[in-house]
Amino acid sequence: MAVGSRQGRHRWQLAAAVVALAITSAVGPEAAHAASDGDRIFTIGNYPLEARAGNAVAAKEKALADGQQAALRSLLKRLVPVTAYRRLAALKGAHAGALIESFAVRSERNSSTEYIASYDFVFSPEPVRQLLEREGIPYLDRQAPTVTVVPAYRISPEAAAQMPQTFASAAGSDAWLYAWKALDLGNSLTPVSLQPLKREIHADTLRHLAEGDLSQLGALGQEYRSETVILAILEPEADRKKLKVVLAGRDAVQPIYLKRMYRLDGLDLAYTAEFAAGISLAILEGRWKAINVKGGEQIAAASQPDAPPAAPGRFDQGNGEAGPLTIAVAFRGMEEWQAISRQLAHTPEVAGLEVLGLSARRARVTLSYPSGPQHLALALAQQGLILESTREGWLLSRR
């Protein structure tokens with residue numbers, strides 16, 4: 001996909017805002033809504049495209065070709081559990097154009113050498129299913145019940161004194177809400193209904209939920225008349241280096257309390273908020289896949305079709321012997337390794353963590369996790385870590 005730079009992404013956002021009434025064109029009539037309700041997850045909506053070339057026609061052709069392939073990759077990652085992502089490499093040769101049923105242009109802007117647009121791509125469900133089943137890749141094609149997400153922005157007086165005006169309460173709230181609105185919420189594997197933070201939600205209720213007191217969920221659910229409601233709290237740290245995001249509530253799986261830190265890219269609140277919102281939605285999708293993907297509790301085993309099932313509470317290493325899990329950890333530098341190792345050490349239920357080897361870009365660790373590898377993968381995914389089963393064994397890396 002040609003959306004390569006931060007500057008390009010922001011230019012696209014500006015263009016999308018300027019074109020308030022988008023020009024809509026499609027391969028078929030009402031293409032943006034062609035998928036039935038049951039197949040909505042096969043639509044990748046509001047997907048950004050951008051390309052440059054020697055002339056306007058070539059730029060548009062390049063943007064569309066690259067965008068189709070990128071949208072297909074997004075769809076496959078939506079459907080497939082994170083433990084099987086590595087197996088998607090087998091589908092690199094799949095031609096997205098042959099799988100697309102229709103498309104629609106939401107907005108577009110071009111010059112003599114550049115094309116910037118936002119498209120909806122509707123993929124044909126059955127061919128996509130056949131593609132995955134032919135390779136034996138586990139997937140989920142059933143949406144979760146809709147969850148209500150309430151974006152909330154908090155900033156302490158200490159942090160406010162250190163931050164520019166773009167971090168003030170009103171500006172920060174707008175940036176966090178926009179970050180969620182920019183996501184493909186309706187077509188997600190876990191569809192989201194965005195709701196504003198109501199004045200009736202007392203500041204103490206907000207604080208208790210932010211601190212992990214889920215006894216306040218009843219009041220939150222009652223106010224929004226929903227059993228599945230999540231408060232998504234964004235809060236800048238006073239050190240000007242990080243944003244804290246808390247997801248507190250209940251989704252279609254079970255109650256959730258997740259706290260994660262995101263490094264600020266300079267002082268660009270909007271850019272980091274977009275990234276955090278995207279990861280948060282991916283976490284909700286991952287939780288739904290973890291209990292529903294074909295194979296149920298054998299999600300990790302499904303990514304190794306020939307591996308025998310592991311004994312309860314033990315890991316199968318792929319050689320028929322159950323025991324502690326050995327993981328290869330990939331990282332970009334020692335600072336990232338230290339962060340990953342801290343996350344592992346503080347993951348509930350992880351025990352016996354031991355470093356077997358360490359180099360400049362890779363480490364080998366062993367650990368025990370009583371709930372099994374699929375639940376460990378879910379717990380780590382909530383921290384922005386990907387645990388994958390590969391031909392060489394288990395691999396852990398950051399998103």
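Residues numbered from 1 in each chain as written. Predicted model: local features only at pLDDT ≥ 70, side-chain atom pairs only at ≥ 80, totals over all residues. Heavy atoms only, no water.

> Can you explain the side chain of Ser-226? Please cite residues and give values.
Its place among the elements puts Ser-226 in the loop between α7 (217-224) and β6 (229-236). Its relative accessible area of 19% is what places Ser-226 among the buried residues. Beyond its immediate sequence surroundings of up to four residues, Ser-226 is in contact with Thr-148 and Gly-221. (Helix = DSSP H or I, 4+ residues; strand = E, 2+ residues; numbered from the N terminus. Buried < 20%, exposed > 50% of the residue type's maximum accessible area, 1.4 Å probe, protein only. Contact = heavy atoms within 4.5 Å.)

> Describe unusual backbone geometry, listing the residues and the values that go with them.
Look at Arg-225: it is not a glycine, yet its phi comes out positive at around 50°. Along the chain, the position of Arg-225 falls in the loop between α7 and β6. Backbone geometry at Glu-349 places phi at a positive 80°, although glycine is not the residue there. For Glu-349, the position within the fold is in the loop between α10 (334-345) and β12 (351-358).

> Please set out helix α5 (residues 169-181) residue by residue, giving values where relevant.
Between its first and last C-alpha atoms α5 spans 18 Å; for 13 residues at 1.5 Å apiece the expected length is 18 Å, and the two agree. Within the sequence span of α5, burial applies to Gly-172, Ala-175, Trp-176, Ala-179 and Trp-180. The arc enclosing the buried residues of α5, seen along the axis, measures out at 135°, which places them on a common side. Of the exposed residues in α5, the ones pointing more than 90 degrees away from its buried face are Ala-170, Asp-174 and Lys-181. (Expected span 1.5 Å × (residues − 1). Arc of directions from axis to C-beta.)

> Describe a nonpolar patch on the surface, and please don't skip the residues or the numbers.
Where nonpolar side chains cluster on the molecular surface, the patch consists of Met-334, Val-355 and Leu-358 and spans about 250 Å² of accessible area. Counting through the fold element by element, Leu-358 comes out in strand β12. (Patch = residues over 30% accessible without salt bridge, like charges linked within 9 Å, V, L, I, M, F, W, Y side chains within 5 Å. Areas by Shrake-Rupley, 256 points an atom, 1.4 Å probe, with all protein chains shown as cover. Salt bridge = Lys/Arg side-chain N within 4 Å of Asp/Glu carboxyl O.)

> Pulling in residues and values, what's your account of the packing of aromatic side chains?
Summed over the entire model, instances satisfying the criterion amount to 6 aromatic pairs. Taken together, a centroid distance of 5.9 Å and an interplanar angle of 80° make the contact between Trp-176 and Trp-180 edge-to-face. Taken together, the residues Trp-176 and Trp-180, both in helix α5 and 4 residues apart, mark about one turn of the helix. Relative accessible area serves as the criterion here: at 1%, Trp-180 is assigned to the buried category. Arranged with centres 5.5 Å apart and planes meeting at 35°, the rings of Phe-331 and Trp-337 form a pair that is tilted. An aromatic cluster is built from Phe-103, Tyr-119 and Phe-121, whose rings are joined through pairwise contacts. (Phe/Tyr/Trp six-rings, centres within 6.5 Å; stacked < 30°, edge-to-face > 60°.)

> Outline the nonpolar core, listing residues and values.
One finds Tyr-119, Phe-121, Phe-123 and Leu-132 to be the most contacted residues of the largest nonpolar core, which totals 43 residues. Those elements that provide at least two residues to this core are β1 (43-52), α2 (56-79), β2 (100-110), β3 (114-123) and α3 (125-134). Not counting chain neighbours up to four residues away, the residues in contact with Leu-132 comprise Leu-76, Leu-79, Val-80, Leu-88, Leu-91, Ile-137 and Tyr-139. (Core = buried A, V, L, I, M, F, W, Y, C linked by side-chain atoms within 4.5 Å.)

> Hey, could you go over the sheet that holds strand β8 (residues 255-263) for me, with residue numbers and the actual values?
Read from one edge to the other, the open sheet built from 5 strands follows the order β5-β4-β6-β7-β8, with strand pairing classed as mixed. The two strands at the open ends of the sheet, each matched to only one other strand, are β5 (192-194) and β8. Sheet twist, expressed as the average angle between the axes of neighbouring strands with direction ignored, equals 20°. Judged from the 3 bridges that link them, strand β4 (residues 147-153) and β5 form a sheet pairing that is parallel. Of the residues in β5, the one forming a bridge with Val-147 is Val-192. (Pairing = 2+ DSSP bridges. Axes fitted to C-alpha atoms, helices over the stretch in contact; angles between N-to-C directions.)

> Got a sec to walk through the sheet that holds strand β15 (residues 393-398)? Specific residues and values, please.
Spatially, β12-β13-β11-β15-β14 is the arrangement adopted by the 5 strands of the open sheet, whose pairing is mixed. Of all the strands in the sheet, just β12 and β14 (385-390) have a single pairing partner and so form its edges. This sheet shows a mean twist of 30° between the axes of neighbouring strands, independent of strand direction. Looking at chain direction, β14 and β15 are connected through 6 bridges and run antiparallel. Its bridge partner being in β15, Leu-387 is matched across the sheet by Leu-396. Helix α11 (residues 373-381) rests against β11 (325-330), β13 (362-368), β14 and β15 of the sheet, and its axis sits at about 150° to β14.

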